Amino acid sequence: MTFMNQLHPYDICEVQCPHEFNDVNQKILLACYQPIIGVEAIALYLKLSVEASNEHLTFHHHYLLDSLDFSIKRLFQARITLEAIGLLQTFCKVEDDQAHYIYRLNRPLNAKSFFADPILSISLMRKIDKKAFEHLRDTLVPKEQKLYGYTEVTRGFNDVFLNVTEKELQNIEQLYSEQRSQISTSGYTFDYNSFDFKLFFDGISQALIPHRLFTIEIKQTIAKVAFLYKFSPLDMQSIVMQSLTDEQTLTAATIEKKAADHYQLSDHHQNDYRLLKRYEITDKQKPQEEKNSREEHIHYLNKTSPIEVYEDLHGVSPTDVTVRLFNDFLNRGISYGVINTLIQYIAMSDGRLDYNVNLMQSIIDTWVRSGAKNAEDAMRISKQEHDKRSGKVVPTIQKTTHLTSAEVPDAMKDYELSTPYEFLKILTKGKEPFKNQLKTAESLMTVYGIAQGVTNVIVEHVWKQANGKLPEKFVESVAAEMQQQNIQTAEQAKQFLAQRGKAVYQIGQDSLGEFAASPQALIYDRTTPYEFLKQLYHGKEPVRFIVELAEQLVLTQKMPIGVVNYLMEYSMRETNGKLTKNYIQAIASNWMAHQLKCAADAIHLVEQEQQPVTKYKVTMDTPLAFKAKQQDLTSWLPRYDETIPYEFLKALKNGEEPLPYVVEMAENYVLSGMTVGVVNAMFEYVITQVGRINKKYVDALAANAQMQNIVLAKDALGYFQQQNHKVVTATITQDNLMQFYPTNYVFEVAEEKYEKQTPYEFIKQLNNGQEPFPYTVKAAENLITLYGMIPAVVNFLLEYVLAKTDGALPEKYINSVADSWRRQQIQTVEQARSYVKGAEQKALASKGKKVEVVPEWFNKPKEELVKEAPAEVVDIDAEYNKLLQQFRNYDGKVKSDRTD
């Protein structure tokens, strides 16, 4: 959550209020601001104003949360609301992992300024009706006396006081020069010292233009206009003279208009450059060729007029419309670096972009919203946007740790000096990591504040334990242990994991009780959770929190060890190897209600629960399901209008059983009032053309069909066909397909349908000629272009996933299977087919032997045990036959032969 990244209850806070908060301010705040920003933001402002009276008093966010009875989310929302409306400025400094905030309160606008602001006044009018708005404005804004016919005769400072000396004037100018260099407008700092005001004022007579007219705003405008159009102080003298009105006033808008007119009429607009090709730089100036370093080029973009940059790139001056747009950007407070980066961005687009006003405004708005303040920011943001559009993984953490290479031991350099993205590429041997893995890794730093080196150690540990995956819960559990131990370096993290692996678990052989030596007991009942899970992980060290969870079920919930061990095996089988705490606890809660005594009881319970009990709600006798009677038999399609959803979906799968939840969805639509024919047509469209069953999407189709009053399948088929209007743009075509195969790849005639088709063509073929979904094609092509998989293997993978997911191609499942195949280094269709066949046989064997005495993975340890202790050799066949006999006579309890 974003607010958790920004606020913490124990951050240190300090409030500053450089103005006096009086009754007038409070009246404006409550009457004008509160309807716009809400009571919670107002409450926070008033609370902070009270705290500001205690000068230099610091407190924690926790104090605000308790005082206002806010959650941290509500506090963050109230704070950013005040910031957005201009009532609060927030400053933050982080030292030694401790954040220190300064909240500076700004005075609310006075009534006249508030109602003169179009955004604030319109926002207020939207919240209260027009009549109340006008009454409030008339009440708060004082009436001004009309001055028509009057002439101002107010004396100026120079008219009353003596003239200052030259030395005093120099001191004042120096002071003002220091102040104006710090003036910031609209988010960026402009160097006003770049304009020669001394030369400018030398040619301006006090008699012609009183110097009191040159306010800070006017001087800012003069400096900015001169910079934009490359005008000299002498040019600006002429422009300012033209801008002086008959009433002896100067305005920024008038100066800008006169400057634009002067630019059109002057020699500045006439250029003698030859017309150049795009990207070619004129001989007059070659900033990009001469300044070969990135820093110098960024400096050039930040410090050069946009008009000059445009001329340097194109050899001609920009059009009047483009110049006016540059000027508008400057008036909005957008820096030269951002504008110049935009010019370069368009110039380097190879003709795909032009200087269209709407396009430029859209790009600039996107960059500014993303925080672009200068050329470097704009370059970074534009690159990120390009990477997102191209489907590349974009790391959010760009900078490495503050440590230098000399400060880090050689063995720890990969951990301490690599960002999570760089470290994942080390683990994948240079291949692009998947987005979800990068997100999980980076969240340890961005969300939980874990050090970079520690993060990489955690990622490596989980990666190895989970066979090349990064389960989020597993990562967070290890990270939580690291946080609890206050581990800050990679070396400490490595030591912790080494010691952690040697920790002694609570349940040993002495805890097995009567089952320890009983030949009647199954292997589940005669093994500690740690040893059982270790064998379940094929001899690898089991995940610690899973072992501890199993022990808690035994010690706290009083579940028998055999039941817990079988529960672990069952959970791993059902979740495809992903043991999660929530899933295990859910199964355990269900099993505890049955008061199971041993593993045999648990096995029997699973056998009973897995007996297929299928009851469908919609039959041929269901009322209203077939209510659409049609006299004209040409409009009646029996295959749709006279078939129950279960039979129709089964026929779609060529006689295979449809997924129960899909049948239930279809039947619920019928029971809600849709006819069977329309429902069948809708699911055929979704499964064959859309490629996946998304409930929200199907709900939308159903609602639209009902709004159109469609009751016959024939009408529904025509309507749904109209919805299939998306055009897929494939980047891998027959022209470039072969370049994605290695030079040593051997093509096989038997695999031609996988090897010679692009992903787009193959998916279309799988969909019986229907246009595939764009996201599916993009996901398949990314596996080839970004992750280096062979096109034929990707096509076989798509066919495999389609068969596994009942006609859908979900992106997450595609990536999950692809990740597994990449780790197996599958390079041909034959290798993929063998791997799939082996996995299916293994899964079938594990599901078909739910009552076997000894699991398959126990064979090897058992053989070793026979060599070391021959007296305990177990006749597997005899024990298996004995167990079968027990189950034939099963009455809820395990028979025990005490004679043994």
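Criteria and thresholds
- Residues numbered from 1 in each chain as written.
- Predicted model: local features only at pLDDT ≥ 70, side-chain atom pairs only at ≥ 80, totals over all residues.
- Heavy atoms only, no water.
- Helix = DSSP H or I, 4+ residues; strand = E, 2+ residues; numbered from the N terminus.
- Expected span 1.5 Å × (residues − 1).
- Buried < 20%, exposed > 50% of the residue type's maximum accessible area, 1.4 Å probe, protein only.
- Axes fitted to C-alpha atoms, helices over the stretch in contact; angles between N-to-C directions.
- Parallel < 35°, antiparallel > 145°, perpendicular 65-115°, else oblique.
- Contact = heavy atoms within 4.5 Å.
- Nonpolar A, V, L, I, M, F, W, Y, C, P; charged D, E, K, R; others polar.
- Pairing = 2+ DSSP bridges.
- Polar contact = N/O pair within 3.5 Å; in protein donor to acceptor, adjacent residues only side chain to side chain.
- 1 Å grid on protein atoms, 1.4 Å probe; cavity = no way out; pocket = protein on both sides within 12 Å on 5 of 7 lines; lining within 4 Å.
- Points joined across faces, edges and corners; volume = space filled by probe spheres on them.
- pLDDT = per-residue confidence, 0-100.
- Core = buried A, V, L, I, M, F, W, Y, C linked by side-chain atoms within 4.5 Å.
- Phe/Tyr/Trp six-rings, centres within 6.5 Å; stacked < 30°, edge-to-face > 60°.
- Lys NZ or Arg CZ within 6 Å of the ring centre and 35° of its normal.
- Salt bridge = Lys/Arg side-chain N within 4 Å of Asp/Glu carboxyl O.
- Left-handed = near helix turned anticlockwise from the far one by under 90°.

Draft legend 1. Region of the structure containing helix 43 (residues 811–823). The terminal C-alpha atoms of helix 43 lie 18 Å apart, and with 13 residues this matches the ideal 18 Å at 1.5 Å per residue to within 8%. Buried residues of helix 43: I814, V817, A818, D819, S820, W821 and R822, and no others.

Draft legend 2. Summary view of unusual backbone geometry. A positive phi angle, close to 55°, is found at D69, a residue other than glycine. The residue D69 is located in the loop between helix 4 (61–68) and helix 5 (72–85) in this model. D69 gets classed as exposed once you look at its relative accessible area, which sits at 61%. At Q825, a position not held by glycine, the phi torsion is positive, near 55°.

Draft legend 3. Structural context of the packing of helix 2 (residues 23–37) against helix 3 (residues 39–52). Two numbers describe how helix 2 lies on helix 3: the axes approach to 7 Å, and their chain directions differ by 130°. Taken together, helix 2 and helix 3 sit at an angle that is classed as oblique. Residues L29, L30, Y33, Q34 and I37 of helix 2 form the contact with helix 3, whose participating residues are V39, A41, I42, Y45 and L46. When grouped by side-chain class, the residues that make up the contact of helix 2 with helix 3 number nine nonpolar, one polar and no charged.

Draft legend 4. The sheet that holds strand 1 (residues 12–16), seen in detail. With mixed pairing, four strands are arranged side by side in an open sheet as 2-1-4-3. One side of each edge strand has no neighbouring strand; the edge strands of this open sheet are strand 2 (58–60) and strand 3 (88–95). Going from strand to strand, the sheet's axes swing by 30° on average, the running direction of each strand aside. Note: strand 1 against strand 2, three bridges, orientation antiparallel. What sits directly across from C13, in strand 2, is F59. Most of the contacts of helix 3 go to strand 4 (residues 98–105), to which it runs at about 95°, and overall it touches strand 1, strand 2, strand 3 and strand 4. Across the sheet, helix 4 touches strand 1, strand 2 and strand 4, and the angle it forms with strand 2 is around 70°.

Draft legend 5. Geometry of the environment of L68. Within the secondary structure, L68 is located in helix 4. Assessed through its relative accessible area of 17%, L68 is described here as buried. For the pair L68 and E40, spaced 28 residues apart in sequence, the C-alpha separation works out to 8.7 Å. Excluding residues within four positions of it along the chain, L68 makes contact with A43, L44 and K47.

Draft legend 6. Up close: the side chain of N456. By the element assignment, N456 lies in helix 25 (residues 452–465). Classification of N456 by relative accessible area gives buried; the value is 1%. Of note is the side chain of N456, whose polar atom sits 2.9 Å from the backbone oxygen of S418. Apart from residues no more than four positions distant in its own chain, N456 is found in contact with D414, Y415, S418, T419, P420 and F423.

Draft legend 7. View of empty space enclosed by the protein. Evaluation of the coordinates by the stated rule reveals eight cavities of 30 Å³ or more. If you add up the space inside the largest cavity, you get close to 90 Å³. Lining of the largest cavity is provided by K431, Y787, G788, M789, I790, V793, W821, R822, Q825, I826 and Q827. Grouping the constituent residues of the lining of the largest cavity by class yields six nonpolar, three polar and two charged.

Draft legend 8. Inspection of the pairing of strand 1 at higher detail. Where strand 1 lies against strand 4, five bridges are found, and the strand directions are parallel. Within strand 4, the position partnered with V15 by the bridge is Y103.

Draft legend 9. Region of interest: the confidence of the model for the protein chain. Predicted confidence across the protein chain gives a mean pLDDT of 76, with 75% of residues reaching 70 or more. Low pLDDT, under 50, characterises residues 175–189; the predicted model gives this stretch 26 contacts beyond four residues in sequence or across chains. Below a pLDDT of 50 lies the segment residues 848–853, which in the model reaches 18 contacts outside its immediate sequence neighbourhood of four places, other chains included.

Draft legend 10. Representation of the nonpolar core. Within the largest apolar cluster, 69 residues are counted, with the highest numbers of intra-cluster contacts made by I458, M482, I546, M568 and W591. The element best represented in this core is helix 30 (residues 561–574), accounting for eight residues. In contact with M482, not counting residues within four places along its chain, are V454, I458, I487, A493, F496 and L497. In this structure, V309, V323, I363 and A372 belong to the second largest nonpolar core, which totals 54 residues.

Draft legend 11. How the structure looks around the pairing of strand 3. Sheet topology note: the strand 3/strand 4 ladder contains eight bridges and is antiparallel. Within the sheet, the bridge partner assigned to E95 lies in strand 4 and is Q98. Count of turn residues in the strand 3/strand 4 antiparallel hairpin: two residues, of which D96 carries a positive phi of about 55°.

Draft legend 12. Just the packing of aromatic side chains, in detail. Under the counting rule described, the total for this entry stands at 27 aromatic pairs. Between the aromatic rings of F197 and F200, the centroid separation amounts to 6.4 Å while the plane-to-plane angle is 85°, which identifies the pairing as edge-to-face. One end of the pair, F197, and the other, F200, are both in helix 11 (residues 197–202), three residues apart, so they sit about a helical turn from each other. There is no split in this pair, since F197 and F200 are both buried. Relative to F214, the ring of F201 has its centre 5.1 Å away and its plane inclined at 90°; by these criteria the two rings are edge-to-face. Residue F201 is found in helix 11, and its partner F214 is found in the loop between helix 11 and helix 12 (216–229); the two are separated by 13 residues along the sequence. For the pair F201 and F214, a shared accessibility class is recorded, and that class is buried. Stacked on the ring of F197, the Lys or Arg K219 has its end atom at 5.8 Å from the ring centre. The ring of F747 has K756 sitting right over it, with the charged end atom 5.8 Å from the ring centre.

Draft legend 13. Representation of the pattern of salt bridges. Scanning the entire structure with this criterion turns up 16 salt bridges. For E83, the salt bridge identified is with R79, shortest N-O distance 2.9 Å. One end of the pair, E83, and the other, R79, are both in helix 5, four residues apart, so they sit about a helical turn from each other. Put simply, E95 and K93 hold a salt bridge, and the shortest N to O gap is 3.7 Å. E95 gets classed as partly exposed once you look at its relative accessible area, which sits at 47%. Residue classification places K93 among the partly exposed residues on the basis of a relative accessible area of 49%.

Draft legend 14. Geometry of the packing of helix 42 (residues 791–804) against helix 43. In contact at an axis separation of 10 Å, helix 42 and helix 43 are set at 130° when each is read in the N-to-C sense. Relative to helix 43, helix 42 is oriented oblique. When the axes of helix 42 and helix 43 are compared, the crossing they make is right-handed. Residues V793, F796, L797, L798, Y800, V801 and K804 of helix 42 form the contact with helix 43, whose participating residues are Y813, I814, V817, A818 and W821. Within the contact of helix 42 with helix 43, the residues separate by chemical class into eleven nonpolar, no polar and one charged.

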